Amino acid sequence: MVPSYMQGSTRRVGIMTDVHRRFLQLLMTHGVLEEWDVKRLQKHCYKVHDCNATVEKLEDFINNINSVLESLYIEIKKGVTEDDGRPIYALVNLATTSVSKMASDFAENELDLFRKALELIIDSETGFASSTNILNLVDQLKGKKMRKKEAEQVLQKFVQHKWLVEKEGEFTLHCRAILEMEQYIRETHPDAVKVCDLCHGLLIQGQSCETCGIKMHLPCVAKYFQSNSEPRCPHCNDYWPHEIPEVFDPEKEREAGISKSNKKPLRSRQH
Amino acid sequence: MPRGQKSKLRAREKRRQARAETKGLEGAQATAAAEGESPSSACLPFGGEPQNLPAADIPSTPLAPQGAPSTTNTMAADSCTYPDEDSSQDEKNATSSKGTKGRSGDPLNDKVVLMVQFLLQKYQKKEPITKADMLKLVTKNYKPHFNEILRRSSEYMELAFGVDLKEVDPIRHWYALVNKLELTFDGTMNNEEGMPKTSLLMIVLSVIFMQGNCAPEEEVWKVLNMMGVYADRKHFIYGEPRKIITEDLVQLNYLEYQQVPNSDPPRYEFLWGPRAHAETSKMKVLEFLARLHDTIPSAFPSWYEEALKDEEERARARAAARARTAAAMASARSRAMARNFSHTK
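Residues numbered from 1 in each chain as written. Chains lettered and ligands numbered in written order. Predicted model: local features only at pLDDT ≥ 70, side-chain atom pairs only at ≥ 80, totals over all residues. Heavy atoms only, no water.

Bringing the overall build of chain A into the picture now. What chain A contains, in helices and strands, is 10 helices and 10 strands. By residue count, 54% of the 271 residues in chain A fall in the buried class. When contacts within chain A are restricted to residue pairs at least 6 apart in sequence, those whose partners lie at least 24 apart make up 53%. Surface exposure of chain A reaches about 12800 Å², of which carbon and sulfur atoms provide 47%. (Helix = DSSP H or I, 4+ residues; strand = E, 2+ residues; numbered from the N terminus. Buried < 20%, exposed > 50% of the residue type's maximum accessible area, 1.4 Å probe, protein only. Contact = heavy atoms within 4.5 Å. Areas by Shrake-Rupley, 256 points an atom, 1.4 Å probe, with all protein chains shown as cover.)

Structure representation (C-alpha cells):
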C-alpha cells in the first residue's frame, strides 16, 4: 500500500520490492555506473532477494523504480559518456541541482574553484580547461585564501569524487557531473552553454561543423554517420571534416575488458 | 497577490541574494517560508532570470556551502523554492519535466523531500544523525509538523530504499540509518545465502570449515580470488573486501582473525566467531557450498559427517534448553495455582 501523498498525480506508482531497494542502495554507493555493471547489479539483486522471479527488462525495472521515486524528485537517469558513448546510469536529484551533493563535501573556496573550472570548461572550444588556466584563478576565489599547490590537490579531489576528469593536464566534466548537473549548467550559463544538434542534450565535448558551427556529441556523430561513406553536416550539408568515431559496442567491450587498466576482471561466477 | 507585496518581495530577494553569497541561506528560507508563497525567483544566489526554472528547482544552493555551524546541512536552505502553485510548470525545460509532475501542492511534502535527501546523504556517508540536524531542515512554520515530516520521511526511506531510521539514543536523540536488507542469518531474511556481506561471510566460513575449522589467510584469499574478489581491489558489490573480512565481520563477532602463533613473519588465520556459531551451522554452510557447486551436501562425505554430528549436538542442546524452560514454567504455574487456591478459600 502506498500512502496517497506518495503517489504521483499522473503516473501509477510501481511496486518496490527488496530487489529494487537493494538495487537503489548499491547504485547510490557507486555514484555512477556503466550499463554493463548496472545489468550485473540488477541480476545480483534478483538472485539475492527473489531468485525465482524473472529478471525484468532493465528499462522497465528502472522506470518502475523511478515512478516510486518521482514524488521525491529523485530519479535514475541514463546518459552516455561523451568521449566513447558508453551508457551510464546515476541516481540524480531533480529538484535540487545536485551540486548540493558537492556542497556537503567541499569548502566554500573549493566549490568556488569548481565553479570557475566549470566556467572555463563550458567556455572552451574543446570542452577542456587547462590546469594552468584554472589555477590562475585562485586569487579570485571566495572564502579562505587558497594557494595554487592546494588548488592542485583540490582538483584531484574533484577527480576522485567523479566530478572532473583529467586528461594530460586538462580537465573536463566527469560523465556523472554532466548527468547530475545538466539542469543546473543550462540554467546558470544559458548563453555560453553548447547543445548537440542531434540529441539537443548539453554538450561539453564534441565535433563541430567548420562551416555553420553546429556541434554534435561524438557518440551522436558515430550513430548518425554509421556506415555513411560521405558524411555531411545535417544542418548545412557541407562535408563533415572530422574522423567518425565508432559506435559503442558492449560486446566488444566485454571481450577487451581484461586488458583495460581501469576495467574490473571478468568473473566466471556471479554472487 | 496584492500590489504592495511584489515590491516587498523584490527588495527582500535582493537582500537575500546578497546574504546568500556569503552565508548559508537560512535567513532566506525563513522569510520565504513565512511568506507562505515562495516564487521560484526567491532563492537564486547567482541572480539571473528565474522565469525559465521549473517550479521544483532549488537553485539556491548550487555550490554554496552552508555557513551554518553544522556544515553537513546542505539541504537547510532549499525549502524556499517549492512554490505551492505550479505556476511555472509550462516553462520548464525537457530535462526537468519530471520534477513538477506529481506535485500535490502539499507544502509538507516539500519538507519531506528535503529530509529524505538529507537522510540519503547521511546514509551514504555513514554519518550519525541528530534530531537537531533534522530540525534545522524544518523552518519555523513547519516545526510543529516535524514529527509528521519525520514519519513520512522514514516511510519513504523504508519503502524506496529499504533503510530504517531508528532512534538509537532516545536521551540524546541520535538516529541511525540501518539497512533493513542486510540482516543476520536467523531466518528474518527469506534468502540467507544472498546478501553481499552475508555471502562473502558464507564463503569465508565455508573455507574455514573445509580447512578443519581454522583457515590460514592465504587459503581464504585463494578462494576469494577465484571469485574475482581481491584484497587490494575495490569490488563492485563488496566494496573493500579486506576490510570487511578482517575488520567489519570480526567486530561483528562473525569471524575471528588472529595471528598464527609463533609465526615470523606474522601470518594470520581465520576461525568462526561466536556469532557465526550462534546464527548458522556447519550444515547450513555445507548446504551453501553444495549449492555453489551445483551438488548436494552429502557429496562431501567427511564434511557431511562432521556437519551431521554438529546438527545432532545442536538438536540435543535445543532439547535440553526446552526441557529447562518447560520445567521452569511448570513450577511457576504450580506456585501461581497454589496461591490462587489459598486465596479463594
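Following the structure, the description resumes.
With that settled, the discussion passes to the layout of surface pockets. All names here are of chain A. Space inside the second largest pocket adds up to approximately 1100 Å³. Elements that contribute at least two residues to the lining of the second largest pocket include exactly α2 (35-49), α3 (58-69), β2 (74-80), β3 (87-93), α8 (175-188), α9 (218-224) and α10 (250-256). Top element by residues in the lining of the second largest pocket is β2. It accounts for six residues. A per-class count over the lining of the second largest pocket returns 20 nonpolar, nine polar and 19 charged. (1 Å grid on protein atoms, 1.4 Å probe; cavity = no way out; pocket = protein on both sides within 12 Å on 5 of 7 lines; lining within 4 Å. Points joined across faces, edges and corners; volume = space filled by probe spheres on them. Nonpolar A, V, L, I, M, F, W, Y, C, P; charged D, E, K, R; others polar.)

Attention now moves to unusual backbone geometry. A cis amide bond links Asp264(B) with the next residue in sequence, Pro265(B), at an omega value of 5°. Tracing the sequence through the fold places Pro265(B) in the loop between β5 (255-259) and β6 (268-272). With phi around 50°, Ser227(A) is a residue other than glycine that occupies positive phi space. With respect to the helices and strands, the residue Ser227(A) is situated in the loop between α9 and α10.

Residues and elements named next belong to chain A. Summed over all chains, the structure comprises 26 salt bridges over all chains. Residue Glu110 pairs with Lys157 through a salt bridge whose shortest N-O separation is 3.6 Å. Residue Glu110 is located in helix α5 (residues 108-123), and its partner Lys157 is located in helix α7 (residues 148-160); the two are separated by 47 residues in the primary sequence. Judged by relative accessible area, which is 13%, Glu110 ranks as buried. Of the residues examined, Lys157 reaches a relative accessible area of 27% and is grouped as partly exposed. (Salt bridge = Lys/Arg side-chain N within 4 Å of Asp/Glu carboxyl O.)

What follows concerns the sheet that holds β5(B). Strand order across the open sheet formed by three strands is β4-β6-β5 (chain B), with antiparallel pairing between neighbours. Of all the strands in the sheet, the pair left with one neighbour each is β4 (215-216) and β5 of chain B. (Pairing = 2+ DSSP bridges.)

It is worth spelling out the sheet that holds strand β4 (residues 129-130) of chain A at this point. All names here are of chain A. Overall, antiparallel pairing links the three strands, which are arranged β4-β6-β5 in an open sheet. Edge positions in the open sheet fall to β4 and β5 (164-167), since each of these has one partner strand only. Here β5 pairs with strand β6 (residues 170-173) via four bridges, running antiparallel. Opposite Glu166, over in β6, you have Phe171 as the bridge partner.

Turning to the packing of helix α8 (residues 217-226) of chain B against helix α9 (residues 241-251) of chain B, a few remarks are in order. All names here are of chain B. Contact geometry for α8 and α9: axes closest at 12 Å, N-to-C directions at 140°. It follows from the interaxial angle that α8 and α9 lie oblique. Crossing of α8 against α9: the hand is right-handed. Contacts from Glu217, Val220, Trp221 and Leu224 in α8 reach Pro241, Arg242, Ile245 and Thr246 in α9. (Axes fitted to C-alpha atoms, helices over the stretch in contact; angles between N-to-C directions. Parallel < 35°, antiparallel > 145°, perpendicular 65-115°, else oblique. Left-handed = near helix turned anticlockwise from the far one by under 90°.)

Residue and element names in this part refer to chain B. By the secondary structure assignment, Ser206 is in helix α7 (residues 196-210). Within the structure, the side chain of Ser206 is placed 2.7 Å from the backbone oxygen of Ile203, a separation counted as a polar contact. Once residues within four sequence positions are removed from consideration, Ser206 is found in contact with Val285 and Leu289. (Polar contact = N/O pair within 3.5 Å; in protein donor to acceptor, adjacent residues only side chain to side chain.)

So, about the environment of Lys143(B). Residue and element names in this part refer to chain B. For Lys143, the location among the structural elements is in the loop between α5 (131-137) and α6 (146-161). The exposure class of Lys143 is partly exposed, given its relative accessible area of 37%. In this view, Lys143 contacts Leu135 and Val138; residues no more than four positions away in its chain are not counted. Of the polar contacts made by the side chain of Lys143, one reaches the backbone oxygen of Leu135; its length is 3.0 Å.

Quick look at the pairing of β6(B) now. All names here are of chain B. With four of five residues buried, β6 lies mostly within the body of the structure. Pairing of β4 with β6 involves two bridges; the strand directions are antiparallel. Considered in β6, the bridge of Pro216 is made with Glu269.

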